[in-house]
Each structure stands twice: as structure tokens, then as C-alpha cells.
Amino acid sequence: MVKLGAHVSSSKSLDLVFDRALEIGADTIQFFVRSPRAWAWKERSDIEKQAFTEKRKKTGINPLIVHASYLFNLASEEQTLRQKSINGVIEELRLCEELGIEYYVIHAGKAKSLNEEKAINNILRAMEIIFKNVSLKNTIFLVETLAGQKGEIGKTTREIQALIQPFESENIGVCLDTCHIYSAGYKINEKKGFKDYQDEVDTLIGIDKIKVIHCNDSKTPFNSRKDRHEHIGKGSIGLKGFELFLNDEYFSKLPFILETPKQGNMDIINMEKLRSLIKAPVAQSG
Ligand SMILES: [Zn+2]
């Protein structure tokens, strides 16, 4: 069975993510462990951590995915911002390890005015420090494929390769975002484009490095380099693209997480739409 879920709020108390998952019928969920637009870090009490672990066991929702704060920029030339970002990642990762969260997804960084090579170098130095400070056993660190907006690093498979290859001995992998890769110029809503993308990923980084799918349609046209998520089937990717992912032998085993706009019961409707695209397995004969 394909695991479908969504990004849910973790406000008030971390354990509430499970209540929110049940409300929408999610098999798997993603959430923040820090208010994504504020730097402040809140140490969690033992009671909160315990409630989290108990509810997790009771609901059986898995895998769990934490998305890093949007404020981090490991590519930044600004020393203070880069150091704050490194510290922030370390804080979040340590909590993920402690709570046994399976995946931690991060936008590696934005080059802004920097040239890309320098930006990639800054990210690599930052990752070295992060891996030196947190030894990952439970959590896999996932670099997300990005649309390329404002010089985002990770818009091509080559850039992703540059970021993860030096750390092959670590718990590292990739989170694929359907909206981002389509906006970055991969035509994954056509059979050929989908296959070409898969082949490229397999050649450059290994398809098994992809661990999570962010499942979003796109508000903007193909190759727009914009990151604007749309409800499933309502954007420029269209249902065909999702059908290809959901029925693919490898991808169908991964968790699919919606990050579409939060409007009424749209998470439920988007998940229903995704589920309807899954073809029944062909019965084996003879
Ligand atoms: Zn993301």
C-alpha cells in the first residue's frame, strides 16, 4: 500500500501532530520542530517527548518526517547567518535523533549573489560541521530537490550529487519534490521525461538515495524556476505526473507528503485524488 500523508502543524505540543494526522487520515506525516519563520529554539519537556512517543506507538503513523526551518541558509556568505543556520540544524537534528524521527528534510541553501561553486562549498563546509556534531543513527538527513528560485542550490541532479556524495558514509539521502523538479526543468509528467529523470538520478546519485516524495502540483508553468505549490491535478503537472510516481516500482514504496495550500478539507481531497490514481496490481497468472 502506498503511504500518503501531509505536512501538519506541530503548534502547542509536538504530540498533537498525531491527532492532526488522524483527522485527515494520513499514514505518514511531516512537521516542523521549530516555528519555521522564527529563530527561537524551545527545549521540549520530558512530558512532551513522552506524550509524543506514546501517541506515535498508539497510532502507528510512520515514517515521520521533520522539515527544517525555512530561515536556514547554509550557503550564506554572511558568517552570522551561516553559523546560526548550522546551530539551528544541529538543534533540530539532535531532537530528531532523540525522538527517533526517520527523516530530516532541508533546503540546502540559496546562493543569492554568490557564484554557485562558492555557495556549494559553503554548504559542504557547513554539513561537515553538522555531521561532526551529531552522529545520526535513527534519522536520515535528506537534501531536498529545489526549484532554483533565488539561486537555490539543488535544482539539478548534479548539484544534489555535489552535496551528498562527499558524505556517503553518513546517514544521507534525498527528498524529491515534484513541484520543484518540474519547475527546475524536468518533465516528469510525461513518460519519457519521467524515465529520463529516473535514469539521471540513478546514474548520478543512485535511485535508492531518494527516501521521501513531496507531492505537490505546481501553480507556475514548466521550467519556471518558481516554487509555488498547487493542489493535486489543479496545476501545470496534472494528474498524469502523479500517476507515474504512484505506480512506479521504486517510488510507490516511499512516503508521499502533501505540502499543498491548507484550505478546508483539501488535504483529504488531495489524498483521495492520489489514491484514485493507484492502479490495482495485475494478478499473477500461471
Ligand atoms: Zn521543502
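What you see is a predicted model, and the numbers here were worked out from it, not measured in a lab. (Residues numbered from 1 in each chain as written. Predicted model: local features only at pLDDT ≥ 70, side-chain atom pairs only at ≥ 80, totals over all residues.)

Focus: the overall build of the protein chain
Each helix and strand counted, the protein chain has nine helices and 10 strands in total. Computed over the C-alpha atoms, the radius of gyration of the protein chain is 18 Å, within 12% of the 19 Å expected from 2.2 N^0.38 for a compact globule of 286 residues. Viewed in the frame of its principal axes, the protein chain has a C-alpha envelope of about 60 × 45 × 40 Å. Counting every position in the protein chain, which comprises 286 residues, the buried fraction comes to 43%. Restricting the contact set of the protein chain to residue pairs at least 6 apart, pairs at least 24 apart contribute 74%. (Helix = DSSP H or I, 4+ residues; strand = E, 2+ residues; numbered from the N terminus. Rg over C-alpha atoms; globule rule 2.2 N^0.38 Å. Buried ≥ 20, exposed ≤ 12 C-beta atoms within 10 Å, placed from the backbone. Contact = placed C-beta atoms within 7 Å.)

Observations regarding the sheet that holds strand β5 (residues 140-144)
Hydrogen bonding along the main chain pairs the strands of a sheet, whether they run parallel or antiparallel. Taken in spatial order, the eight strands of this closed barrel run β1-β2-β3-β4-β5-β6-β7-β10, and their pairing is parallel. Taking the axes of each pair of neighbouring strands and ignoring which way they run, one obtains an average angle of 30 degrees across the sheet. The pairing of strand β3 (residues 64-67) with strand β4 (residues 103-106) spans three bridges and is classified as parallel. In the sheet register, valine 66 faces β4, and the bridge partner there is tyrosine 104. (Pairing = 2+ DSSP bridges. Axes fitted to C-alpha atoms, helices over the stretch in contact; angles between N-to-C directions.)

Overview of the packing of helix α3 (residues 79-99) against helix α4 (residues 116-133)
Helix packing for two helices is described by the angle between their axes and how far apart those axes are. The geometry of α3 relative to α4 is characterised by a closest axis approach of 10 Å and an angle of 40 degrees between their N-to-C directions. Relative to α4, the crossing made by α3 is right-handed. Here α3 contributes Arg82, Ile86, Val89, Ile90 and Leu93 to the contact with α4, which in turn contributes Asn122, Ala126, Ile129, Ile130 and Asn133. In terms of residue class, the contact of α3 with α4 is made up of seven nonpolar, two polar and one charged. (Left-handed = near helix turned anticlockwise from the far one by under 90°. Nonpolar A, V, L, I, M, F, W, Y, C, P; charged D, E, K, R; others polar.)

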